[in-house]
Amino acid sequence: MSTAQEVGEGRDDLEIVDASEEWKVVSSTEHFRARVITGVTDAVVMPDGEVVNRDYVLHPGSVAVVALDDRDRVLLIRQYRHPARRLLWELPAGLRDVEGEPLRVGAARELAEEAGYRADTWHTLVDTFVSPGMSDERTRIFLARDVSPIPEGELDFVHRHEEADMPVVWIPLSDAVRRAMAGMIHNSQAVTGILAAYAASADGFASLRPADAPEA
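Residues numbered from 1 in each chain as written. Predicted model: local features only at pLDDT ≥ 70, side-chain atom pairs only at ≥ 80, totals over all residues. Heavy atoms only, no water.

(A) Spatial organisation of the sheet that holds strand β3 (residues 51-58). If you walk across this open sheet you meet the three strands as β1-β2-β3, and the pairing is antiparallel. Sheet topology places β1 (25-33) and β3 at the edges, where each strand pairs with a single neighbour. For this sheet the average axis-to-axis angle between neighbouring strands, irrespective of direction, equals 20 degrees. Summarising the sheet, β1 and strand β2 (residues 38-45) pair through seven bridges and their orientation is antiparallel. (Pairing = 2+ DSSP bridges. Helix = DSSP H or I, 4+ residues; strand = E, 2+ residues; numbered from the N terminus. Axes fitted to C-alpha atoms, helices over the stretch in contact; angles between N-to-C directions.)

As structure tokens, then:
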């Protein structure tokens, strides 16, 4: 073992950027297919040749929106999430369930339907895999600014089920950061988006990618 490894400095020959990789799958079993997700088990060949089973969920992917107003407040909605048995404060978000639809268009639709707002300025904030150890779901979180309410007469979306009673609030971004760090906000898209927006605000959002930036 090298001195660097002994003192915990780690390797310095690796580029810190995620890369596409696909290990050999010798068999795949589908256990169920639901409206949104599909549960599967793959038998995957490890680097040493051993074959092991990996269970995971296929997911169409999602988008979410950090909407900021001209007072540096972020828009949050509250929604019941049955698997977690909690009312969670979240960002407007939704599935990538329209074939061929640009991600920003889907995000704008979610902002309109769930919160009743539109935005004139859009940027890509951050891309993540939500839970890569158990699902292939990837999400793109957008930053939306220059927001304005949509007149009531232009909204034709009907809120049902968990969305029937979904309050909308605006809170200062710095307060949202404090609440995320204090364990008061748990939704992964919300925590990621809030912290990313706060970090990106350091240079006035100048370093953000355009809204139509490709997903790596």
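Past the structure itself, the notes keep going.
(B) A look at the pairing of strand β4 (residues 62-67). Among the six residues that make up β4, six are buried, leaving the element largely enclosed by the rest of the structure. By the alternation rule, side chains of β4 split into Ser62, Ala64 and Val66 and Val63, Val65 and Ala67, which are all buried. Judged from the three bridges that link them, β4 and strand β7 (residues 93-95) form a sheet pairing that is antiparallel. Bridging across to β7, valine 63 finds its partner in glycine 94. Two strands pair when backbone bridges link them, and β4 and strand β9 (residues 138-149) are joined in this way by six bridges, in the parallel orientation. (Buried < 20%, exposed > 50% of the residue type's maximum accessible area, 1.4 Å probe, protein only.)

(C) View of helix α4 (residues 188-200). With 13 residues, α4 should reach 18 Å at 1.5 Å per residue; the first-to-last C-alpha distance of 18 Å fits that figure. Gln189, Ala190, Gly193, Ile194, Ala196, Ala197 and Ala200 are the residues of α4 that are buried. Sitting at the head of α4, asparagine 187 places a side-chain oxygen 3.0 Å from the backbone nitrogen of glutamine 189. (Expected span 1.5 Å × (residues − 1). Polar contact = N/O pair within 3.5 Å; in protein donor to acceptor, adjacent residues only side chain to side chain.)

(D) The arrangement of the pattern of salt bridges in detail. Considering all chains together, one arrives at 13 salt bridges under this definition. Between glutamate 215 and arginine 96 there is a salt bridge whose closest N-O contact spans 2.8 Å. With a gap of 119 residues between them, glutamate 215 in the segment after β11 (209-210) and arginine 96 in the loop between β7 and α2 (103-115) connect regions that are remote in the sequence. Between arginine 138 and glutamate 215 there is a salt bridge whose closest N-O contact spans 3.4 Å. Here the residue arginine 138 occupies a position in strand β9, and glutamate 215 occupies one in the segment after β11, the gap between them amounting to 77 residues. Classification of glutamate 215 by relative accessible area gives partly exposed; the value is 26%. One salt-bridge network, in which partners are shared between bridges, spans Asp97, Glu101, Arg109 and Glu110. (Salt bridge = Lys/Arg side-chain N within 4 Å of Asp/Glu carboxyl O.)

(E) Fine view of the sheet that holds β11. Spatially, β7-β4-β9-β8-β11 is the arrangement adopted by the five strands of the open sheet, whose pairing is mixed. Lying at the two open borders of the sheet, with one neighbouring strand each, are β7 and β11. In the sheet, strand β8 (residues 117-129) pairs with β11 via two bridges, with the strands oriented antiparallel. Pairing of threonine 124 across the sheet is with arginine 209, part of β11. Contacts from α2 reach β4, β7, β8 and β9 within the one sheet, and its direction differs from that of β8 by about 120 degrees. Contacting β4, β7, β8 and β9, α4 runs over the sheet at an angle of about 105 degrees to β8. (Contact = heavy atoms within 4.5 Å.)

(F) How the structure looks around the packing of aromatic side chains. Scanning the model with the defined rule gives two aromatic pairs in all. When the centroid spacing of 5.2 Å and the interplanar angle of 75 degrees are considered together, the rings of tyrosine 117 and tryptophan 170 count as edge-to-face. Taken together, the residues span a long stretch of sequence, with tyrosine 117 in strand β8 and tryptophan 170 in strand β10 (residues 168-172) at a distance of 53 residues. With a relative accessible area of 18%, tryptophan 170 lands in the buried category. For the ring pair tryptophan 122 and phenylalanine 142, a centre distance of 6.0 Å and an interplane angle of 80 degrees mean the geometry is edge-to-face. Residue tryptophan 122 is located in strand β8, and its partner phenylalanine 142 is located in strand β9; the two are separated by 20 residues in the primary sequence. Phenylalanine 142 matches tryptophan 122 in its accessibility class, with the two residues each being buried. Over the ring of tryptophan 122 we find arginine 104; its NZ or CZ atom is 5.5 Å from the centre of that ring. (Phe/Tyr/Trp six-rings, centres within 6.5 Å; stacked < 30°, edge-to-face > 60°. Lys NZ or Arg CZ within 6 Å of the ring centre and 35° of its normal.)

Note that every value here comes from positions in space, so none of it alone points to a role or purpose.
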